[in-house]
Structure formats: C-alpha cells, structure tokens
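Spelled out from the first residue to the last, the chains are:
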Amino acid sequence: MNELTYNIPVHRLADDRTGGLIVRATDPAALIAALEPHDPERVIAIQLLALDADSEPLNAWAPGLPVELVMRDPAAEFPLLYRHSNLLDNHPVRIVIPVTPDFGKAVKTAVALDFAVRLEPGQPDPALIGELTAVLEFYLRQPTVAQPIEYFHSALLGFYHDEPMPLWRVLDEEPDRLRDVGDDGAESLSGRLAGIELTVTPDADLNAWIEQALATAEECRACAFLNSCGGYFKWPRRDYDCAGVKQIFGLLRAAAAELRHDVESVEA
Ligand code: SF4
C-alpha cells in the first residue's frame, strides 16, 4: 500500500490515521492550538480556507511549513491577499485560485505580492479559455513574474525538458498518494475525483492509475498531450470537450520550443 497523505479538517485531527497530513482550517489561532498535541513531523502543509481571517499568528509559527491560502471567489477576494504578505517572511506560500470569471485579477495580485499560485482549472468552458489564455500570456511574457503559476510552470518545464508530468501530480490531486477527509470524517479521492469510486490494481502508482482508470477515454488515448495531462480534464464530467485546454497545452508546447531555440542560439 502506498503511503497516503490526508487533507483533513482541523476538527478531525483526533481521528486515528497514519500518514502525512495537510490540515485545513478557517481560524489560524485555533489551528495552532489544535495542532499543539500532535506530532509536527506529520504535518506537511496547512491550508487556510478563509482569506478574511487574521493570519498573523501563523507568521512566526512552524517556520518553513508550506501554507496555502485557498480562494473561493477570486474576483471578490483578491484585495484580501495584501493582508497575508507577511506570511512570506517564514513560509513558502501558495495561493489556490479557481478558474472562474475574472480570476486573472487574483493571479496578477498574487504574483505582484510574490506569492506562488496553484490554479484550480476545473473543466473550463469556452468563455474561460479566453481568460486562461490571457493569464498564460501574462505568465510567459511578463518579466516581473518571479513565482510559479501552476499548472503552467510545470507543464512548460515538462515540454522544455521532454519530461512531462501529469496534471494530477502538478496540481496535487494524485489518487495514488492523497485522500480527502470530509467534515464528517468520510474519506474519498481528492480534488476532482472526490466522491468517485475507481478500481485499480493494489499498489498502483500514478502511471498505473492513469492507464487503468483516469485516461481510458478514446480521446485521451489518442491525445498529443496525454503525458502532460493524464486524462485530468475528463473528470468529473466525462463528456467535457477538451478543445480549449488542448489549445492551452499547444501554447505551452510552442513556448517551450521557442525557449529552447533561444537558449540554443545563445549557446551556439
Ligand atoms: S487534454 Fe483531454 S483528451 Fe487530452 S489527455 Fe487531457 S483529458 Fe484526455
């Protein structure tokens, strides 16, 4: 059995589980108090779910522990990012931004404040593909962007080095490694696979999950971007039209080729 990491609400800490923990909470002070009796080595990251909360208690606590600030409504919440910038003094901090209308404002604010970004792309409709493309262009062309915007960053590197990494791994939704624990204590696969039952061979690694369950659609088997995607966009709606997300992969592949060409020209 693979070693599992659990994304768990703070009030479920007392549940008897072995493995790593990503602890999610809305109240930083209460989170610190709740973690006090537990083995700090098991906590690999924390997620703050309320951006209007006071994160000051986290600033000097557990230096080096990764923190994710999870947005629900990026178009409305982006001004709240300013109040959390001090977290960067002691923590790697990443902003989780769902791809919803006007999410680009939140990405630009996060990057300006020197936060890393993890997009939650969902299954973007054609209207959002336009905004996703604009944010990708911003990431590729804007010289002031110093922090990674995932999934663009890892996909670009994957194309550049010819070592693609499936989005399940890039976006921390690996079914071979991660489980979500609900408020009621029920376990499920994480992220977009929440609530979905899938059968794979025991001890399947991510490649086996992709082969046996995640990318079984005929379109995935024939897709030029299978190794960078892993069937990610066909979940949870299996009939999702991938035309737009393939365009985005195509832009990333072209940007990697352009970058390689530039580097080779300098080295020649
Ligand atoms: S882009 Fe769509 S068709 Fe291609 S591998 Fe991903 S989910 Fe499958």
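Look up: the structure comes first, before these words.
The notes below deal with the structure included here.

Before going further, it helps to examine the nonpolar core. Grouped together as the largest cluster of nonpolar side chains are 81 residues, with contacts concentrated most on Leu119, Tyr151, Phe152 and Phe233. Of all the elements, helix α4 (residues 126-141) adds the most residues to this core, at 7 residues. If sequence neighbours within four positions are ignored, Tyr151 has contacts with Pro121, Leu132, Leu167, Val170, Leu171, Phe233, Ile248, Phe249 and Leu252.

What follows concerns the site of the ligand. In the region of the ligand, the neighbouring residues are Glu219, Cys220, Cys223, Leu226, Cys229, Gly231, Phe233, Lys234, Cys242 and Lys246. Breaking the shell around the ligand down by element, the ones donating at least two residues are α8 (218-221) and α9 (226-229). Class assignment for the residues of the shell around the ligand results in 6 nonpolar, 1 polar and 3 charged.

Turning next to unusual backbone geometry. In this structure, the amide linkage connecting Glu150 to the following residue, Tyr151, adopts the cis form with an omega of 20°. Here Tyr151 is to be found in the loop between β7 (149-150) and α5 (152-161). Between Trp235 and Pro236 the backbone carries a cis peptide bond, its omega angle lying at 0°. Secondary-structure assignment places Pro236 in the loop between α9 and α10 (243-267). We note that Asp102 has phi near 70°; this positive angle belongs to a residue other than glycine. Its place among the elements puts Asp102 in the loop between β5 (93-98) and α3 (103-112). Asp102 gets classed as partly exposed once you look at its relative accessible area, which sits at 39%. Of note, the phi angle at Asp172 is positive, near 55°, even though the residue is not glycine. Tracing the backbone through its elements, the reader meets Asp172 in the loop between α6 (167-170) and β8 (178-181).

So, about the environment of Lys234. Topologically, Lys234 is positioned in the loop between α9 and α10. Relative accessible area serves as the criterion here: at 4%, Lys234 is assigned to the buried category. The spacing of Lys234 and Arg192 is 42 residues in sequence and 9.9 Å in space, taken between C-alpha atoms. When sequence neighbours within four positions are dropped, the list of residues in contact with Lys234 reads Gln123, Glu219, Cys220, Tyr240 and Cys242. Among the polar contacts listed, one links the side chain of Lys234 to the backbone oxygen of Tyr240, at a separation of 2.5 Å.

Let us now look at the packing of α4 against α5. In contact at an axis separation of 11 Å, α4 and α5 are set at 65° when each is read in the N-to-C sense. Between α4 and α5, the interaxial angle falls into the category roughly perpendicular. When the axes of α4 and α5 are compared, the crossing they make is right-handed. Here Leu132, Val135, Leu136, Tyr139 and Leu140 of α4 come into contact with α5, specifically with Phe152, His153 and Leu156. Of the residues in the contact of α4 with α5, the class split is 7 nonpolar, 1 polar and no charged.

So, about the pairing of strand β2 (residues 20-25). Counted residue by residue, β2 has 6 buried out of 6 residues, so it is predominantly covered. As paired strands, strand β1 (residues 5-9) and β2 are joined by 5 bridges and run parallel to one another. Pairing of Tyr6 across the sheet is with Leu21, part of β2. The pairing of β2 with strand β3 (residues 43-48) spans 5 bridges and is parallel. Across the sheet, the residue bridging to Leu21 is Val43, located in β3.

Counted by the stated rule, this structure contains 9 aromatic pairs. Both rings, one in Tyr151 and one in Phe249, keep their centres 6.1 Å apart while their planes meet at 55°; by these two values the pair is tilted. Here Tyr151 is found in the loop between β7 and α5, whereas its partner Phe249 is found in helix α10, with 98 residues between them in sequence. Of the two residues, Tyr151 and Phe249, neither departs from the other in class, the shared state being buried. Aromatic pair Phe159 and Phe225: ring centres 6.2 Å apart, planes at 85°, arrangement edge-to-face. With Phe159 in helix α5 and Phe225 in the loop between α8 and α9, the pair connects residues that are 66 residues apart, well separated along the chain. Grouping residues by exposure puts Phe159 and Phe225 together as buried. These aromatic residues form a ring-pair network of at least three members: Tyr139, Tyr151, Phe152, Phe159, Trp168, Phe225, Tyr232, Phe233 and Phe249. The ring of Phe138 is capped by Lys108, whose NZ or CZ atom sits 5.4 Å from the centre of that ring.

Reading the values: rules and limits
- Residues numbered from 1 in each chain as written.
- Predicted model: local features only at pLDDT ≥ 70, side-chain atom pairs only at ≥ 80, totals over all residues.
- Heavy atoms only, no water.
- Core = buried A, V, L, I, M, F, W, Y, C linked by side-chain atoms within 4.5 Å.
- Buried < 20%, exposed > 50% of the residue type's maximum accessible area, 1.4 Å probe, protein only.
- Helix = DSSP H or I, 4+ residues; strand = E, 2+ residues; numbered from the N terminus.
- Contact = heavy atoms within 4.5 Å.
- Near = heavy atom within 4 Å.
- Nonpolar A, V, L, I, M, F, W, Y, C, P; charged D, E, K, R; others polar.
- Polar contact = N/O pair within 3.5 Å; in protein donor to acceptor, adjacent residues only side chain to side chain.
- Axes fitted to C-alpha atoms, helices over the stretch in contact; angles between N-to-C directions.
- Parallel < 35°, antiparallel > 145°, perpendicular 65-115°, else oblique.
- Left-handed = near helix turned anticlockwise from the far one by under 90°.
- Pairing = 2+ DSSP bridges.
- Phe/Tyr/Trp six-rings, centres within 6.5 Å; stacked < 30°, edge-to-face > 60°.
- Lys NZ or Arg CZ within 6 Å of the ring centre and 35° of its normal.

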